[in-house]
Amino acid sequence: WRGWEGAPYSTLVPSDEVTINYRHGLPVITLMLPTRSERCQFTVKPVVTTVGAFLQDVQKEDKGIERAEIFATDGTKVSDATLMEVLLMNDFKLVINNKTYSVSPPVKDKLSSEHATEMEDIKSLVHRLFVALHLEDHQIRKERELLQKLDHLKGELLPLEQMKARIMHSADAKTSRLLWVGLALMSVQGGALAWLTWWVYSWDIMEPVTYFITYGSAMAFYAYFVLTKQDYIYPLAKDRQFLHYFYHKSKNQHFNVERYNKLKDDLAEAEESLRRLRQPLRLRLPIQEITDKD
């Protein structure tokens, strides 16, 4: 005989075989143990006790129980992870071996606003205690994860850092050579103008030449501003030329600048997270105080 869906070939037992009463605010479930033929009471904590824990307690009391399950009234099996607080909100079926018990939990009186506020305060306190007791374990586990991430990032950055150092050294050498070449050209220009002025021609002839050379230099500096949108300042010009050599060399040696910058950003973020994580461990400050300081 199939009494209802989900509990095949079981005997439906009246609901008075399983009773539920509230004592001191906690539900007390009384049922008949099949092999011991005696009634037994189980006091559950609905907020923390799950259906699976309750069924395990029932099986521990009677070793002859081979099957213990709970189904909803429509035949749907209730998960072992469901809290008893949720289960006791509606009627359900308790299956023990080949017997099915129809259970109707009593309607619990609504709590007064003051009592409800008190219960919420208690729940909040329990949650804060749980966080305080497990916070250090969570921080240690998180610290271990961050340290592993740091080692991984540093391992990926090491060959890139070595390649970057070689490229920077080459770019710096080329930039320095360019500066010395510029100084040499200016010296040659000054010497040539002096030789033409005093030994070949007179100042009356060379004066217009020097004027147009000066005017041409001014045009060159203005053209630099038009192209780069920067004033021709020696340190800025040197840095610009250095970056030009650096990116050109990086392209030739297949150095991925974007990937390098991304790894550097991830490394800095992981180090900052590790610093923030270690701060409460070192200072032993409350979380609110740490938040205020940040």
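So, how was this worked out
- Throughout this description, residue numbers start from 1 for each chain and increase along the sequence as written.
- Under the rules for a predicted model, residues below a pLDDT of 70 receive no local features and side-chain atom pairs below 80 are neither given nor counted, while totals for whole chains, interfaces and linings still include all residues.
- For side-chain calculations, the full set of non-hydrogen atoms in the structure is used, while hydrogens and water are omitted.
- Counting from the N terminus, the helices are DSSP H or I runs at least four residues long and the strands are E runs at least two residues long.
- Each residue is assigned to one of three classes by its accessible area relative to the maximum for its type, calculated with a 1.4 Å probe on protein chains only: buried under 20%, partly exposed between the two thresholds, exposed over 50%.
- Any pair of residues with heavy atoms lying within 4.5 Å of one another is described as a contacting pair.
- All accessible areas in this document rest on Shrake-Rupley with a 1.4 Å probe, and a residue is counted as covered only by the protein chains that are shown.
- Each pair of aromatic rings taken from Phe, Tyr and Trp, with Trp reduced to its six-membered ring, is defined by centres within 6.5 Å and is described as stacked if the planes are under 30 degrees apart, edge-to-face if over 60, and tilted in the remaining cases.
- What a helix is expected to span follows from its residue count: subtract one and scale by 1.5 Å.
- DSSP bridges decide pairing: two strands pair if at least two such bridges lie between them.
- Note on geometry: axes are C-alpha line fits, over the in-contact stretch for helices, and angles between N-to-C directions span 0 to 180 degrees.
- When a carboxyl oxygen of Asp or Glu lies within 4 Å of a side-chain nitrogen of Lys or Arg, that pair is called a salt bridge.

Trainee: Please give an account of the overall build of the protein that cites residues and values.
Mentor: Within the protein, the secondary structure is distributed over seven helices and nine strands. Counting over 294 residues, the protein shows a buried share of 25%. Within the protein, contacts between residues at least 6 apart in sequence are counted, and of these 57% link residues at least 24 apart. A total of about 20,800 Å² of accessible surface is found on the protein, and carbon and sulfur atoms cover 58% of it.

Trainee: An account of unusual backbone geometry is requested, with residue identities and associated values reported.
Mentor: Despite not being glycine, Asn-97 has its phi angle at roughly 55°, a positive value. Here Asn-97 shows up in the loop between strand 8 (92–96) and strand 9 (99–103). Given a relative accessible area of 21%, Asn-97 falls into the partly exposed group. Backbone geometry at His-254 places phi at a positive 60°, although glycine is not the residue there. By relative accessible area, which is 72% here, His-254 ends up exposed.

Trainee: Tell me what's going on with the packing of aromatic side chains, and back it up with residues and numbers.
Mentor: Inspection of the entire model under this criterion finds seven aromatic pairs. Each ring, one from Phe-42 and one from Phe-54, has its centre 6.0 Å from the other, and the planes form 85°; the classification is edge-to-face. Linking Phe-42 in strand 6 (residues 38–43) with Phe-54 in helix 1 (residues 51–61), this pair joins segments that are 12 residues apart in sequence. Here the aromatic cluster, defined as three or more aromatic residues joined through ring pairs, consists of Phe-242, Phe-246, Tyr-247, Phe-255 and Tyr-260.

Trainee: Explain helix 5 (residues 234–252) to me, using residue names and the numbers behind them.
Mentor: Between its terminal C-alpha atoms helix 5 stretches 27 Å, which fits the 27 Å expected from 19 residues at 1.5 Å a residue. Where helix 5 is concerned, the buried positions are Ala-237, Phe-242, Phe-246 and Ser-250. Positioned one or two residues after helix 5, His-254 has a phi angle of 60°, which is positive.

Trainee: How would you explain the environment of Phe-255 if you had to name every residue and give the values?
Mentor: Summarising the element assignment, Phe-255 is placed in the loop between helix 5 and helix 6 (257–283). Placed 92 residues apart in sequence, Phe-255 and Met-163 show a C-alpha to C-alpha distance of 7.4 Å. Setting aside residues no more than four positions away along its own chain, Phe-255 makes contact with Leu-160, Met-163, Lys-164, Ile-167, Phe-246, Ser-250 and Tyr-260.

Trainee: Quick one: what's the story with the sheet that holds strand 5 (residues 26–33), residue by residue and with numbers?
Mentor: A sheet is described by the order of its strands in space; here three strands give the open sequence 4-5-6, paired in antiparallel fashion. Of all strands in the sheet, those bounded by a partner on one side alone are strand 4 (18–23) and strand 6. When strand polarity is set aside, the average angle formed by the axes of neighbouring strands in this sheet is 25°. Two strands pair when backbone bridges link them, and strand 4 and strand 5 are joined in this way by six bridges, in the antiparallel orientation.

Trainee: Please provide a residue-by-residue account of the pattern of salt bridges, values included.
Mentor: Taken as a whole, this structure holds five salt bridges when the rule is applied. Across the salt bridge formed by Arg-275 and Glu-272, the nearest N and O atoms sit 2.6 Å from each other. Residue Arg-275 and its partner Glu-272 are located together in helix 6, separated by three residues, close to a single helical turn. Residue classification places Arg-275 among the partly exposed positions, given a relative accessible area of 44%. By relative accessible area, which is 31% here, Glu-272 ends up partly exposed.

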